[in-house]
Amino acid sequence: MYDLQKEQTLDQKLEILSDAAKYDVACTSSGVDRRGKEGMLGNSCAAGVCHSFAADGRCISLLKILMTNHCIYDCKYCKNRVSNDVERAIFTPEEICTLTIEFYKRNYIEGLFLSSGIIQNPDYTMEKMCETLRLLRTKYHFNGYIHIKAIPGASSELIYSAGLLADRISLNMELPTEASLRKLAPNKTMHNILNPMNQISSTIASHRVAIGKNARMERAVINQHLNNSIFGSSNNSSKYINENNRSKLTYVNQSDAGISLNEDTLLYPACKNDTQLKRPFAAAGQSTQMIIGATNETDLELIRTTQSLYQAFDLKRVFFSGYIPINDDDTLPALGTPVPLLREHRLYQADFLMRYYGFFANELLTKENPYFDKDIDPKCNWALLNLDKFPIEINKASYDELLRVPGIGPTSVRKIMAARRYGHVTFDMLKRMRVVLKRAQFFITCNGKMLNRIPIEDHFIRRCLIDSERPEVLKIQGEDVTYTQMNLFKDFGLGGNNNDSVLLRA
C-alpha cells in the first residue's frame, strides 16, 4: 500500500515526477492561436508553444510532469508499474498550479503537459487532473497552452471536462494490437482506449460544426480517402478500429458520443461548472502514442494502424516512441538492447508521407517487405520500387506526381506550379526554390534533359542515395546519444545551486 502521506518537499516531488514523465513523447506544437486577454496570464500562438528541443529531438518548452507516479496497473514496459520498487510522489492540484504559474512568470516554460499514473481508479485520477486544470483556468486565470493525457477507463463526463479545460487531449494507444496489450498491459483493453478516442473526436467535430467550421480538423491527405484498402487489413487493431468506427467518420453530437451535458445528471460535482467556461473542446485536437520495439509488430502493421487511427479519429498526430529497456522481464527486450531510434525516425517519415504527400500504408510497405529500409528514407525507397514512373518532366507533371518525387515537398511543388505559369522551369530555378536536387535529380527532367548523365538503374541510384543520407543515419545511430533527463537550469546556464536541479523534458 502506498504511503500517500510521506513528507516530501516540492523540489523533491518535482524531481521525481518530471523524471517519471520523460518516456511520454506525445508533445507537439499547440495548433491553436489564442492571444493574450486582459486579466489573464499567458497566450498560445498558432506557431506552437514547443520550439526548444533537446539533443534527442524532444521539446523542452512545456512543464512536463506526472501528477503522480503511483499506479495500480502493472504494464510491463512502464517504469512506474505497481511491481517496480521506485520512489513515489504525488502532487496536489495547488502544487501543480504553483509550479506552472511561477515557471511561466520566469519564462522557463510556455505551457503545461500533464499526465499521471493511475491512483485508486481511473475516475479518481481523472477528476484530480481536471481539478488541477480548473484551478489554473479559473483561480489563476492561466490562458496558456495545456496538453492533458486522458486516463483510459475514465467516465465520459470527466473526459468531456478535460477537453473543455485543455487545448489538446491525448490518450496513449501504447501498443498497436489487442494481442500486444494482453501480453504487456493486462489491465488495459483496446475497447477502453478506442472508445474514449471515439468520444473525443466526435465531440471535437460537434464543437467545430456548432461554430460553422468543417467537422474534420486534421489536414491529412489520408482523410480524403476513407475507403482505402486498409479496411479489411489483417492487423487486429486496424480491423477493430475500422469495424467499430467506419460509420463514425461523419460528425455526431455529444449525446451520440455518450456525453451528458445536463448538469443535474453529472455524476461528478467537479464537472458541473466546466460547461459554463464557454471554451472550445480540445481546440488543438487529440493525439496518441505507440511504443516501438517492445513487441514484434512489423513496420507495415504499425503504419496500417496509424492510417486507421487518422481515418477513424481525425487525430492531429500519432507519435512513435522507441522502447527504452528499463525493466527486466522475459517478455521484453533484454536490458541493454539498443533503442530503435532509426526505426522510429523512418516511421515518422512515413507518417508525414501519409498525412501530407498522399501516400498509403500499402504503397510504402508490403507483406513481402514489411520493414523500412534502414539506408534510405521511405519516399526514396518507394521511388526506387517504382522506377517505371520516372523520370517525370518538371514542366508537365501534375501536382500529385511532383509531390511524389524525392526531394520535392508541398512548398516546392507550389512554387514550381506558380513558376510554370510564366515560363519553363530550369534546374537553376529549382535550386533557388531549395528543391533537394541531390535526391530529385535522379527522378526528374527539365525541358527533356536530366541534370547529369544518370542511368535510370536501381543499384546505381540506391548507392548515390545511401551516400547522401549516410551522415544523417550515422548521427541517429551514433554512440553519443544518451537518455539523461535534461536539467533546465544548469544546461541553459541559468545558474542555481543544488536545489535548482529542476528536471524538465518534453
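Right, let's walk through the structure included here. Keep in mind the model is a prediction, meaning the values are calculated, not measured.

Moving on: the overall build of the protein chain. Summing up its helical and strand segments, the protein chain has 17 helices and eight strands in all. Taken over 506 residues, the protein chain has a buried fraction of 57%. Considering only contacts in the protein chain between residues 6 or more positions apart, those separated by 24 or more positions represent 70%. Accessible surface computed for the protein chain: about 22,400 Å², of which carbon and sulfur atoms make up 49%.

Now for the pairing of strand β1 (residues 62–66). Of all five residues making up β1, five are buried, and the element is well covered by its neighbours. On β1, burial covers both faces: L62, K64 and L66 on one face and L63 and I65 on the other are all buried. Taking the sense of rotation as the criterion, the β-α-β connection linking β1, helix α2 (residues 93–105) and strand β2 (residues 111–115) turns out right-handed.

Under the criterion given, the structure shown has 15 salt bridges. Across the pair D167 and R279 runs a salt bridge whose closest N-O atoms are separated by 3.8 Å. Of the two residues, D167 sits in the loop between α4 (156–165) and β4 (168–170) while R279 sits in the loop between α7 (236–245) and β5 (286–292), which places them 112 residues apart along the sequence. Accessibility classification places D167 together with R279 in one group, the buried group. Put simply, D377 and R439 hold a salt bridge, and the shortest N to O gap is 3.5 Å. Highlighted residues: D377 in the loop between α10 (361–364) and α11 (378–385) and R439 in helix α15 (residues 437–440), separated in sequence by 62 residues. Accessibility expressed as a relative area gives 17% for R439, which makes it buried. Through salt bridges that share partners, R137, D167 and R279 make up one connected network.

Attention now goes to the packing of α11 against helix α16 (residues 458–476). A pair of packed helices is captured by two measures, namely the crossing angle of their axes and the spacing between those axes. At a minimum axis distance of 10 Å, the contact between α11 and α16 shows a crossing angle of 170°. The orientation of α11 relative to α16 falls into the category roughly antiparallel. Each of C380, N381 and L384 in α11 lies in contact with α16, whose residues at this interface are D458, I461, R462 and L465. Class assignment for the residues of the contact of α11 with α16 results in four nonpolar, one polar and two charged.

Our next topic: the sheet that holds strand β6 (residues 317–322). Read across the open sheet, the six strands follow the order β1-β2-β3-β4-β5-β6; overall the sheet is parallel. Because the sheet does not close on itself, it has two edges, and the strands there are β1 and β6. Taking the axes of each pair of neighbouring strands and ignoring which way they run, one obtains an average angle of 20° across the sheet. As paired elements, β1 and β2 share five bridges and run parallel to each other. Opposite L66, over in β2, you have S115 as the bridge partner. In this fold helix α9 (residues 341–356) packs onto β5 and β6, with an angle of close to 170° to the strand it touches most, β6.

What follows concerns α4. The buried fraction of α4 is high, at ten of ten residues. Buried within α4 are the following residues: S156, E157, L158, I159, Y160, S161, A162, G163, L164 and L165. Packing partners of the buried residues in α4 comprise α3 (122–139), β3 (145–149), β4 and α6 (190–210).

Take unusual backbone geometry next. As a rule of thumb, non-glycine residues mostly have phi less than zero, and peptide bonds are mostly trans rather than cis. At the junction of F390 and P391, the peptide bond is cis and its omega measures out at -5° in the coordinates. Its place among the elements puts P391 in the loop between α11 and β7 (392–393). A positive phi is found at N107, a non-glycine position, where the angle reads about 65°. Summarising the element assignment, N107 is placed in the loop between α2 and β2. Of note, the phi angle at Q120 is positive, near 70°, even though the residue is not glycine. If you trace the backbone, Q120 turns up in the loop between β2 and α3.

On inspection of all chains with the given rule, the structure shows nine aromatic pairs. Relative to F142, the ring of Y104 has its centre 5.5 Å away and its plane inclined at 85°; by these criteria the two rings are edge-to-face. Here Y104, found in helix α2, pairs with F142, found in the loop between α3 and β3; they are 38 residues apart in sequence, far enough to count as distant. Take Y104: its relative accessible area is 18%, and that puts it in the buried class. We classify F142 as buried; its relative accessible area is 0%. The interplanar angle of 15° and the centroid separation of 5.4 Å between the aromatic rings of Y160 and F281 together place this pair among those described as stacked. With Y160 in helix α4 and F281 in the loop between α7 and β5, this residue pair connects regions lying 121 residues apart in the sequence.

So, on to the pairing of β2. By the criterion of burial, β2 is predominantly enclosed, with five of the five residues buried. Of the two faces of β2, both are covered, the one formed by G111, F113 and S115 as well as the one formed by L112 and L114. Relative to β3, β2 is paired through four bridges, and the arrangement is parallel. Each bridged residue has a counterpart across the sheet, and for L112 the counterpart in β3 is I146. As a crossover connection, the stretch from β2 through α3 into β3 is right-handed.

So, how was this worked out
Residues numbered from 1 in each chain as written. Predicted model: local features only at pLDDT ≥ 70, side-chain atom pairs only at ≥ 80, totals over all residues. Heavy atoms only, no water. Helix = DSSP H or I, 4+ residues; strand = E, 2+ residues; numbered from the N terminus. Buried < 20%, exposed > 50% of the residue type's maximum accessible area, 1.4 Å probe, protein only. Contact = heavy atoms within 4.5 Å. Areas by Shrake-Rupley, 256 points an atom, 1.4 Å probe, with all protein chains shown as cover. Right-handed = clockwise from strand over helix to strand, strands pointing away. Salt bridge = Lys/Arg side-chain N within 4 Å of Asp/Glu carboxyl O. Axes fitted to C-alpha atoms, helices over the stretch in contact; angles between N-to-C directions. Parallel < 35°, antiparallel > 145°, perpendicular 65-115°, else oblique. Nonpolar A, V, L, I, M, F, W, Y, C, P; charged D, E, K, R; others polar. Pairing = 2+ DSSP bridges. Phe/Tyr/Trp six-rings, centres within 6.5 Å; stacked < 30°, edge-to-face > 60°.

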